[in-house]
Amino acid sequence: MAVPGAMAQEYTFKLHHLLGAKAPAQTQMLEPWAKQVEENSGGKVKIEIYPAMSLGGRPPELVGQARDGVVDLIWTVNGYTPGLFPRTEVMELPFVYVNDPVAANLALYDMFEDDLKEEYKGLEVMFLHVHAGQAIHMRDKEVRKPEDLEGMKMRIPTRTGAWIIEALGAAPAAMPVPELPQALSKGVVDGAFIPWEIIPPLKIQDQTQYQVEGADMARFGTTTFQVSMNKDRWDSLPDDIKKAFKDASGPDWWAEVGEIWRASDDAGIKIAVDAGNEHIVLTEEETDAFREKLEPVVDRWVEEVTAQGIDGAGLVEKARTLIDQHSQN
């Protein structure tokens, strides 16, 4: 006896990520995207989301899990696997990325095919994005100039972030973000370079007193993320199912993801201020002092990737030009 709907082939995908089920990354980005793919497929696709590393492993293993086919889809931080995505790091650099996640995401979209794609072997990228940018969160020390960070131990998720911290005279401590609250509460770190949006899911307002950013929402670099599928799984899919994914992952979506992260960032800082924390916005002059200290980070990155045969200076120029163009629109 025929089962109703049995004619429609169902494709089930497991999407694995590092944050909790209530984090904005899942509720405002991954869930709407998955729903759109499912709708585009006419009900043939089902995407099951597994938050908080619930399928096993640690966050730095997510890229390997997707490449090896342990899971179908991942959302992860590129920088958790240092050295794998050197070209894409251009978007993380301080004052290459300044304050506009929408413009940065659209620049990534424009650069992907010609400049970035080759480093995603074994993966089919659905979309890349940044967050609203690294701001400074401090347990108990007010920061208004680079010298205020000298000797501090600061958490950072990426190697470009570590260079930022070193350029400011502080000591970098790498750890996945879920480990940060305990590190702050025990004094293992004095602070962190992270966006505001992570404040609510990790209750960072309870472990810190100061939240610091530059003038006009300027940040100190950012972090790049990817939603990617195992390449073999992708290659096995019929064209209509591929289209369902691609139609949900076009430039309009990359831009919308930037808006989602900006909005969740605004919500995060409000929670910290409402809890009694001090939100410090640096003056233009104070921000320029950080800019001057951090320009050598860009030079260091260009030098390092150029030694690998990558046109680092060209990528920086292209990223800055595209961000500027998209910011004007």
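Residues numbered from 1 in each chain as written. Predicted model: local features only at pLDDT ≥ 70, side-chain atom pairs only at ≥ 80, totals over all residues. Heavy atoms only, no water.

Asker: Which residues make up the pairing of strand E1 (residues 11-17), and what are the values?
Answerer: With five of seven residues buried, E1 lies mostly within the body of the structure. Across six bridges, E1 lies against strand E2 (residues 45-50) in parallel orientation. Following the sheet pairing, Phe 13 is matched in E2 by Ile 47. Crossover handedness for the path E1 to helix H1 (residues 24-40) to E2: right-handed. (Buried < 20%, exposed > 50% of the residue type's maximum accessible area, 1.4 Å probe, protein only. Helix = DSSP H or I, 4+ residues; strand = E, 2+ residues; numbered from the N terminus. Pairing = 2+ DSSP bridges. Right-handed = clockwise from strand over helix to strand, strands pointing away.)

Asker: Account for the nonpolar core, with residues named and values stated.
Answerer: Residues Trp 33, Ile 47, Trp 75, Ile 136, Leu 149, Phe 193 and Phe 245 are the most contacted members of the largest nonpolar core, which totals 109 residues. Ignoring sequence-local partners within four residues, the contact set of Phe 193 consists of Gln 134, Ala 135, Ile 136, Leu 149, Met 154, Arg 155, Ile 156, Pro 157, Ile 164, Ile 165, Leu 168 and Phe 220. (Core = buried A, V, L, I, M, F, W, Y, C linked by side-chain atoms within 4.5 Å. Contact = heavy atoms within 4.5 Å.)

Asker: Explain the pattern of salt bridges to me, and be specific about the residues and the numbers.
Answerer: This structure, assessed with the given rule, holds 23 salt bridges. Residue Lys 231 is joined to Asp 235 by a salt bridge in which the shortest nitrogen-to-oxygen separation is 2.9 Å. Placement of the pair is Lys 231 and Asp 235 together in helix H7 (residues 231-235), with a separation of four residues, close to one helical turn. Salt bridges here are not isolated pairs; linked through shared partners, they connect Glu 124, Lys 231, Asp 235 and Lys 246. (Salt bridge = Lys/Arg side-chain N within 4 Å of Asp/Glu carboxyl O.)

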